[in-house]
Amino acid sequence: RGLLPLLTVFHLERAEDAARRAGLSTQPIWRKLWDDVMKTRPPNSESITCWRKKFLETFFSNVLHGVLDVSSDWRLNDRHFSPLLHSSPHVSQLTLCNMLQGAVELTAEHNHKVLENLAGSLRILKFQHLLSCDQSIKRSLVLLLHRLIHHGSVSQVSMYSWPVPDTVLLVLILTMSAGFWRSGNALAYHSSPCGLCREEDKAQRQESAQEGAERGCDTEQDGHSGENQKRSPKRADAPTNSVLSGPRSPPLRNAACEETSSDVPCGHTSIQGGSSPHSSSEQLSCHPIPQKTRRRLKPAVGRKRRCLRRSRGHYADPEDLYDFVFTVKRGGPAGILSLKAAHRFRSVSTLELFSVPLTGETCRTLSNLLSSWVSLENLVLSYNGLNANISCILSGLRALSRHPECRFRVLRVSDMFSHMPCMELVRCILSALPQLHTLSVSFDLKNQLEGSRPEANPSCDKAEIPESCLEVLEIRFPREPLHTAFLLPVLKASKSLQQLSLDSATLPCPQELGLLLEVLKECTPNLKKLSFHDVNLAEHQKEVLLLLQDPGLQEITFSFCRLFESSTAEFLSEIINTVKRNSSLKSLKLPGNRLGNQRLVALADIFSEDSSSSLCQLDVSSNCIKPDGLLEFTKKLEGHIQQRGGQLPFTHLRLFQNWLDQDAETAQEALRRLKAVCSVVNDAWDSSQAFADYISVM
């Protein structure tokens, strides 16, 4: 126990197993290392369960990007310690930024073992603040993506804050994330082809030859049969412009890879061909595969990350980095993705694009990729300036949804301006993607060019939406009126809905909220969580009480809903009595409703001796609560606990952004006593600065 703090990182890491067997925890030592070396407080530090992993993962990133000098601390400066090599097995997420210097370093020959470690440990790969870079750096990125995605374990690719994206670089990342890339010399690693591809190529040639021999083809002479075996690999390579059957491996393990040269325009209606009003260069081109070839390439059960064999003689100059996919057809629309000479490798299951503008050309390319991205489960598009191009993205997702092995379940779309009313977009999405489990649509403002656009037709409640699998629906309205009639067809089609969140909506008439509650009760029998944020409920006290007594709801959120703006003391008493009688409600969140000290103290009566409430979590963040009020609430809560014989279901209290800094001593006493009762989550919020910021923008 006394020796562990004296060890260097290298020896501390080697002693980890021995310490565990001896019943000793190294977590305090790794935490102290973090404080001494990183000198920052990590976000959500309360939720960190392993400081060893947290330290080594951050250490790897800082060393890779040159922001940490290992000679700065004696515990890092060990001649046996290779910073990148020894920390890489602990890295599950990595961020590459700016000029992609990290990609160049990781693909350098002396870091070959580091890259091998990352291929096994890395799950999330992020790109942030990218800049244009030369072709040699892009080639390093290709090698990195090929190893970490196609032959690795990366399941999520995220891109952040790229105001003016390099189109070639963006399409390159998207295409390789989708599992497409050419093979041959273009994937040479230190002047030799990818070893993993070469091994898989050899294994598949042997398998093809063996299957050809077993089939016997024409049962003629033995010599004839041997000749067929020799030609078997060649025939398997022939249909380079065909769409092979989809992968049959578990999620994220695309064992068999698809080859395709099909171009899927954003207006396509079917994956399997069909006519299109577009020019012939835009039409979907699918050529049937001879049945023998299809059987020959069927993946064997249990083979891991096996790729299709690489065709020879179909590629242009191997030094051209982009000829596999970025051949813009002459005479056709720019940017339509051509997948000639491309092979299908393993692909990621989650794609996130935050603040990355997408042009029409890029949207068509992304739509093309999405149409066959069968491993994709989650797609997040945030502040991409899509506008009307959202229909192009939906077209690709619609084609994907028809694939028998489609696993797509979560779609989150948010942007500054909405191209159409929110409910209209929600209906379009659910009509195209009935298999969705989670849908989130969020907009800040109506389209500035459509300030006087008409609202959707009230007859939309008659619109038919196929029955969906939707479980979570989140809608953030750009200050649009919430018409229950528009929401009705969505709720009727979503019998499995468990969570509904409505944000920044306006209620066009006093009866609207009552109508919504009736519809929810009738159409969503499985609803467990209901949330209102920034919806003015000051004049809807009756409906608020009805929600609080609903026996089906387990979590209710009224966030910044101005609940007590024009209420009386009787309303608060009714809320308390209603919650006391509701034994099914587990979580009540009331942030931003100006509770103040007096109302907070009154809320403690929810846990009185005569209460049948099962409330576990209470959120009173941003409610102008002062230290003396919190202390009085704590004392009252302690009294109720004593009356109940120490039994209380209450376990979590959230106190973010309250005025607890006005009397630090009283606040500390209140928090100390509260933490003996329940888990308390708060922050060091400067209320005076926040008030100054509020005044400055008035």
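Residues numbered from 1 in each chain as written. Predicted model: local features only at pLDDT ≥ 70, side-chain atom pairs only at ≥ 80, totals over all residues. Heavy atoms only, no water.

- The name that an unreviewed UniProt entry assigns to the chain is Leucine-rich repeat-containing protein 41, with the source organism given as Catharus ustulatus.

Structural notes on the confidence of the model for the chain
Then comes step 1: Here the chain averages 80 in pLDDT, while 76% of its residues score no lower than 70.
Then comes step 2: Here residues 224-337 is modelled with pLDDT under 50, and outside its nearest four sequence neighbours on either side it reaches 267 contacts, counting other chains as well.
Then comes step 3: Contacts of residues 693-698 to residues separated by more than four positions or lying in other chains number 0 contacts, the stretch itself having pLDDT below 50. (pLDDT = per-residue confidence, 0-100. Contact = heavy atoms within 4.5 Å.)

Things to note about the nonpolar core
Then comes step 1: Among the nonpolar cores identified, the biggest contains 175 residues, and Phe 55, Phe 127, Phe 532 and Phe 558 are the most heavily contacted of them.
Then comes step 2: What Phe 532 contacts, discounting residues up to four positions off in sequence, is Leu 502, Leu 513, Leu 516, Leu 537, Leu 547, Thr 557, Phe 558, Ser 559 and Cys 561. (Core = buried A, V, L, I, M, F, W, Y, C linked by side-chain atoms within 4.5 Å. Buried < 20%, exposed > 50% of the residue type's maximum accessible area, 1.4 Å probe, protein only.)

A closer look at a negative patch on the surface
Then comes step 1: On the surface, Asp 628, Glu 632, Asp 663 and Glu 665 cluster together to form a negatively charged patch.
Then comes step 2: Counting through the fold element by element, Glu 632 comes out in helix α21 (residues 627-643). (Patch = residues over 30% accessible without salt bridge, like charges linked within 9 Å, V, L, I, M, F, W, Y side chains within 5 Å. Areas by Shrake-Rupley, 256 points an atom, 1.4 Å probe, with all protein chains shown as cover. Salt bridge = Lys/Arg side-chain N within 4 Å of Asp/Glu carboxyl O. Lys, Arg positive; Asp, Glu negative; His and termini not counted. Charge placed at Lys NZ, Arg CZ, Asp CG, Glu CD. Helix = DSSP H or I, 4+ residues; strand = E, 2+ residues; numbered from the N terminus.)

Describing helix α20 (residues 596-603)
Then comes step 1: What α20 keeps buried is the set Gly 596, Leu 600, Val 601, Ala 602 and Leu 603.
Then comes step 2: Considering only its buried residues, α20 is in contact with α19 (569-581) and α21.

Some points on the pattern of salt bridges
Then comes step 1: Inspection of every chain in the model, using the stated rule, returns 22 salt bridges.
Then comes step 2: Between Arg 412 and Glu 474 there is a salt bridge, with its nearest N and O atoms 3.1 Å apart. Of this pair, Arg 412 sits in strand β8 (residues 410-418) while Glu 474 sits in strand β10 (residues 472-476); the two residues are 62 residues apart in sequence, bridging distant segments of the chain.
Then comes step 3: Note on Arg 412: relative accessible area 31%, which makes it partly exposed.
Then comes step 4: Among the ionic pairs, Lys 589 bridges to Glu 555, the shortest N-O distance being 3.5 Å. Here Lys 589, found in strand β14 (residues 587-589), pairs with Glu 555, found in strand β13 (residues 555-559); they are 34 residues apart in sequence, far enough to count as distant.
Then comes step 5: Where salt bridges share partners, they join Glu 13, Glu 16, Asp 17, Arg 20 and Arg 52 into one cluster.

Re the environment of Ile 149
Then comes step 1: Relative to the helices and strands, Ile 149 is located in helix α8 (residues 135-150).
Then comes step 2: Owing to a relative accessible area of 0%, Ile 149 belongs among the buried residues under this scheme.
Then comes step 3: Expressed as a C-alpha distance, the spacing of Ile 149 and Arg 123, which sit 26 residues apart in the sequence, is 9.1 Å.
Then comes step 4: Among all residues touching Ile 149, those that are not within four sequence positions of it are Val 154, Val 157, Met 176, Ser 177, Arg 346, Ser 347 and Val 348.

Here's the deal with unusual backbone geometry
Then comes step 1: Its identity as a non-glycine residue notwithstanding, Ser 504 has a phi of 60°, on the positive side.
Then comes step 2: When you line up the elements, Ser 504 lands in the loop between β11 (499-503) and α17 (512-523).

A look at the packing of aromatic side chains
Then comes step 1: Applying the stated rule across the entire model yields 8 aromatic pairs.
Then comes step 2: With a centroid separation of 4.9 Å and an interplanar angle of 10°, the aromatic rings of Tyr 160 and Phe 354 are classed as stacked. Taken together, the positions of Tyr 160 in strand β3 (residues 156-160) and Phe 354 in strand β6 (residues 350-354) put the pair 194 residues apart, joining distant regions of the chain.
Then comes step 3: On the accessibility criterion, Tyr 160 (23% relative accessible area) is partly exposed. (Phe/Tyr/Trp six-rings, centres within 6.5 Å; stacked < 30°, edge-to-face > 60°.)

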